Amino acid sequence: MIDKTLKQLSQALAAKEVSSVELSTLFLDRIERLNPDINAFVTVDREKTLAMAAAADARIAAGTAGPLTGIPIAQKDIFCAEGWRTTCGSKMLADFVAPYDATVIEKMHRDAGLVSLGKTNMDEFAMGSSNETSFFGPVKNPWDRTRVPGGSSGGSAAAIAARLAPAATGTDTGGSIRQPAALCNLTGLKPTYGVVSRYGMIAYASSLDQGGPMGATAEDCALLLNTMAGFDARDSTSLERPAEDYTRSLEQPLAGLRIGLPKEFFAAGCDAGVMAAVQEAINEYRRLGATIVDVSLPNSHLSVPAYYVIAPAEASSNLSRFDGVRYGYRAPDYGNLDDMYMKTRAQGFGEEVKRRILIGTYVLSHGYYDAYYLQAQRIRRLIANDFVDAFKSCDVILGPTSPTTAFKLGEKSADPVQMYLSDIYTIAVNLAGLPGMALPCGFAGGLPVGLQLIGNYFDEARLLNVAHRYQQATDWHQRRPQGIE
Amino acid sequence: MSLTPEQVKRIAHLARIEVSESEALTTQGHLNGIFELIEQMQAVDTTGVEPMAHAQDVSQRLRPDAVSEADRRAAYQAVAPETEAGLYLVPKVIE
C-alpha cells in the first residue's frame, strides 16, 4: 500500500479495499517509526488526522467523494492551517497556531477531501537549499542519511522518499520544489506564477513564490495540481483563468515534440554523473519521437545574482511583519519599543534569514536602489525575454535540475555563495514566472539525478504530459531507497 | 564593493536586528562574498530595458467597497504576545 500512486490509492479507496482511516494510520505509524531519524515532519497530530480521515470515509460512503478524497498527504509548514502549529521552520513562529486556513489548505482538505498527515520541515522561511537553516534541525535524505534532502521543501521531499506520505505540497521561490525533488528521486512541479493562490502561504519573495505539488509521479502531480490551482480573489496576483484538468493530456504521444536544450545548461559547471544521466534522458526522448533543438538563454548566468537582490529585497519587506507585536516570538527582556523589535528579531530569526534581510535592506536603501534593485529588475526582463525567444523554436526546455546530486550535511552550510549556486538551473524559471518540473532520470554514485523540464506560460498540462510519457518508458521514479521498509 | 563593519551595523539597525561587534564582523564577511556574486550584474548594459517587477503583466483588481470578512479579532489576538481590551500592548512610546 505504501508504494501505491495517488491514482492507485484512489481506486483502492473507491473499491473499499482500504479505508482512509486505515490508510492514514498506516502512514502515521510509519512517521512515528521513521521520522525521529529523518526529521521530515515538524508537527504530527494523530487525532486531527484521523478525524479528517473519518470525515473522508463518511464522504466516500455517502458517494460525495472526489477523486482524491481520503488520501493522506503532507503539508509544507509554510501553509497556514487553522488549529495546526505553523512554524515556517522558524523560532519566530515555533509556537504559532494558525487562526485561519491558507487557500491551498482549504481547497485540498475541505474541498477535495485529502487528509493531512502533518506539517513538514523546511528551511527557515523557505530560505535555503539544504533544509539546514530550519530551527527544527536538518532533514536527512532517505537515500543517504549523511546527506541533505535539498531545500527549501526538504521535509516534504524526504517524507515522500521515505514513504511517510504518498505526496506533499511544496513551494518554489528559486527552486525549492524542483531541487529537493531532484535530490530525493521525486517528481515536483512549480506552476506558472499566479496559478496557485499564495493566500495563507507565508511570504518570502512575493513576486517569485509559488506553491505546487510533489509526488512520486507526474500523474500524481497532475492530480494534486487539480486540487490546488484556481483563481483566488484573496491573492492579489492570482490569475483569473478558466479551471483546467491537468491530467487531460497525460497520455498524448510525444512524436513531433520539440525539446530545446539551452547550451548554457550543458556547459561546464555540472557534475559529470548528473550530465550523463541527463544525456541518457535526452536519448530516451528521441526514442519517444521528440525532436531535439539547440536553444540559448544567454543571460541565464545572471539569474543567481539578480535573484539575490530581488528575493532578499522582497523578503526584507515581507519579514518586517515579525516584530513581536501581533504574533510569533517576542524577546523576554527588552527596554523601549525599538529595543523590543531589535532583540525579538535578533533572537527569533536564524543566520540565513538575517543575512537575506540585511541584503534586502541594503539594496533598497537610499543611494543603492538604482544600482542594485532596478538593475536586477532590468536583468530579470532580459532573462524572461531569453525564454520568450527560446520558445519560438521549441515546446519545452530540458536540462539538469541541480548541478550536483545530494551533498553532505554541513558541506555547504558555511559558505552561502556555494549554497546559492545549487540553484543555478532553477532560479531563472522563477524570475520569468514560468512553470518548471523536476523528475527522476537516473543515478550518479548511487544518488538520484533530477531532470528539469521548463514550459511556456500555462503549459503545465504539456509539461506533465512530457514527464508522464517518460515515466511510462522508464522506471527511475519507481526506485526506492533502502532502509525504509 | 565592500561593506565595513559600521555599514553592517547601520543596515542591521535599519532592519531592526540587533548585532554584536563579533556578529557584525562575521556578517560582513558573508555579505561581502554575496555582494561579489551580485556585482556580476554591473557588467551588463541595461540601458533602455524596462525593469520587470512581476512575472505577469497584470494590474491590480478592484473590488466593491463592501465588507467581506467576518470579525475574528479574538481569534487573531489569541496568538499575540500581549493584548488588553482588544489592543496590542507594546512598551510605552510617549512619556
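Residues numbered from 1 in each chain as written. Chains lettered and ligands numbered in written order. Predicted model: local features only at pLDDT ≥ 70, side-chain atom pairs only at ≥ 80, totals over all residues.

A. Summary view of the overall build of chain B. Check the secondary structure of chain B and you find three helices and two strands. Ordered by position in the sequence, the α and β elements of chain B form the string α-α-α-β-β. Rg of the C-alpha trace for chain B: 22 Å, well past the compact-globule value of 12 Å for 95 residues, more than 25% over. Principal-axis analysis of the C-alpha atoms gives chain B an extent of 55 × 45 × 25 Å. Out of the 95 residues in chain B, the part that is buried amounts to 15%. (Helix = DSSP H or I, 4+ residues; strand = E, 2+ residues; numbered from the N terminus. Rg over C-alpha atoms; globule rule 2.2 N^0.38 Å. Buried ≥ 20, exposed ≤ 12 C-beta atoms within 10 Å, placed from the backbone.)

B. The arrangement of the overall build of chain A in detail. Across its full length, chain A carries 15 helices and eleven strands. In summary, chain A has a C-alpha radius of gyration of 21 Å against a globular reference of 23 Å for 485 residues, a match within 12%. Seen through its principal axes, chain A has C-alpha atoms that stretch 65 × 55 × 45 Å. Across the 485 residues of chain A, 63% fall into the buried class. Long-range pairs, those at least 24 residues apart, make up 76% of the contacts in chain A with a sequence separation of at least 6. (Contact = placed C-beta atoms within 7 Å.)

C. Here's a closer look at the interface of chain A and chain B. Counting residues at the interface gives 53 residues for chain A and 39 residues for chain B. When residues of the side of chain A that touches chain B are traced back to their parent elements, those giving at least two are helix H9 (303–318), helix H10 (337–348), helix H11 (351–364), helix H12 (369–390) and helix H13 (416–420) of chain A. Examining the composition of the side of chain A that touches chain B, we find that eleven residues originate from one element, H12(A), more than from any other. Class assignment for the residues of the side of chain A that touches chain B results in 33 nonpolar, eleven polar and nine charged. (Nonpolar A, V, L, I, M, F, W, Y, C, P; charged D, E, K, R; others polar.)

D. Inspection of the nonpolar core at higher detail. With 172 residues, the main nonpolar core has Ala159(A), Ile160(A), Ala165(A) and Val309(A) as its most contacted residues. Among the elements that take part in this core, H9(A) stands out by supplying nine residues, more than any other. Those residues in contact with Val309(A) that sit more than four places away from it in its chain are Val363(A), Tyr372(A), Tyr373(A), Ala376(A) and Ile38(B). (Core = buried A, V, L, I, M, F, W, Y, C linked by C-beta atoms within 7 Å.)

E. Fine view of helix H7 (residues 218–228) of chain A. Across the eleven residues of H7(A), eleven count as buried, placing the element largely inside the fold. Directly after H7(A), the chain includes Gly230(A), whose backbone phi takes a positive value near 135°.

F. Seen up close, the environment of Val42(A). All names here are of chain A. One can find Val-42 in strand S1 (residues 41–43). Residue class for Val-42 comes out buried when judged on the 24 C-beta atoms lying within 10 Å of it. Each C-alpha atom, one on Val-42 and one on Thr-120, is 5.6 Å from the other, the two residues being 78 residues apart in sequence. Excluding residues within four positions of it along the chain, Val-42 makes contact with Asp-77, Thr-87, Lys-119, Thr-120, Asn-121, Phe-136 and Gly-155.

G. Examining the packing of H11(A) against helix H1 (residues 5–14) of chain B more closely. At a minimum axis distance of 9 Å, the contact between H11(A) and H1(B) shows a crossing angle of 95°. Considered as vectors, H11(A) and H1(B) are oriented roughly perpendicular to each other. Residues Leu358(A), Thr361(A) and Tyr362(A) of H11(A) form the contact with H1(B), whose participating residues are Ile11(B), Ala12(B) and Leu14(B). Its residues assigned to classes, the contact of H11(A) with H1(B) shows five nonpolar, one polar and no charged. (Axes fitted to C-alpha atoms, helices over the stretch in contact; angles between N-to-C directions. Parallel < 35°, antiparallel > 145°, perpendicular 65-115°, else oblique.)

H. Local environment of the packing of H7(A) against helix H15 (residues 460–473) of chain A. Residues and elements named next belong to chain A. Between H7 and H15, the shortest axis-to-axis distance is 8 Å and the interhelical angle comes to 155°. If you check the angle between H7 and H15, you find them roughly antiparallel. From H7, Ala-218, Glu-219, Cys-221, Ala-222 and Leu-225 reach across to H15, where they touch Glu-460, Leu-464, Ala-467, His-468 and Gln-471. Of the residues belonging to the contact of H7 with H15, the class tally is six nonpolar, two polar and two charged.

I. Broad picture of the pairing of strand S11 (residues 447–455) of chain A. All names here are of chain A. Counting buried positions over the nine residues of S11 gives nine, a clear majority of the element. Direction of pairing for strand S10 (residues 436–444) relative to S11: antiparallel, over a ladder of seven bridges. If you follow Phe-443 over to S11, its bridge partner there is Pro-448. (Pairing = 2+ DSSP bridges.)

J. Inspection of unusual backbone geometry at higher detail. That bond from Gly151(A) to Ser152(A) is cis: its omega, 10°, falls within 30 degrees of zero. You will see that Asn39(A), though not glycine, has its phi angle at about 65°, which is positive. The class of Asn39(A) is buried, set by 21 C-beta atoms lying within 10 Å. In the Ramachandran plot, Arg16(B) falls in the positive-phi region, its phi being about 55° despite a non-glycine side chain. If you trace the backbone, Arg16(B) turns up in the loop between H1 and helix H2 (21–38). Taking the C-beta count within 10 Å as the criterion, Arg16(B) has 20 such neighbours and is therefore assigned buried.

K. Expanded view of the confidence of the model for chain B. In this model, chain B carries a mean pLDDT of 92, and residues with pLDDT of at least 70 account for 99%. ipTM for the predicted complex: 0.96, alongside a pTM of 0.97. (pLDDT = per-residue confidence, 0-100.)

L. Representation of H11(A) in the model. For H11(A), built from 14 residues, the straight-helix expectation of 20 Å at 1.5 Å per residue is met to within 8% by its first-to-last C-alpha distance of 20 Å. H11(A) sits mainly inside the fold: ten of its 14 residues count as buried. What H11(A) keeps buried is the set Val353(A), Lys354(A), Arg356(A), Ile357(A), Leu358(A), Ile359(A), Gly360(A), Thr361(A), Tyr362(A) and Val363(A). Check the buried side of H11(A) and you find it contacts H9 and H12 of chain A together with H1 and H2 of chain B. (Expected span 1.5 Å × (residues − 1).)

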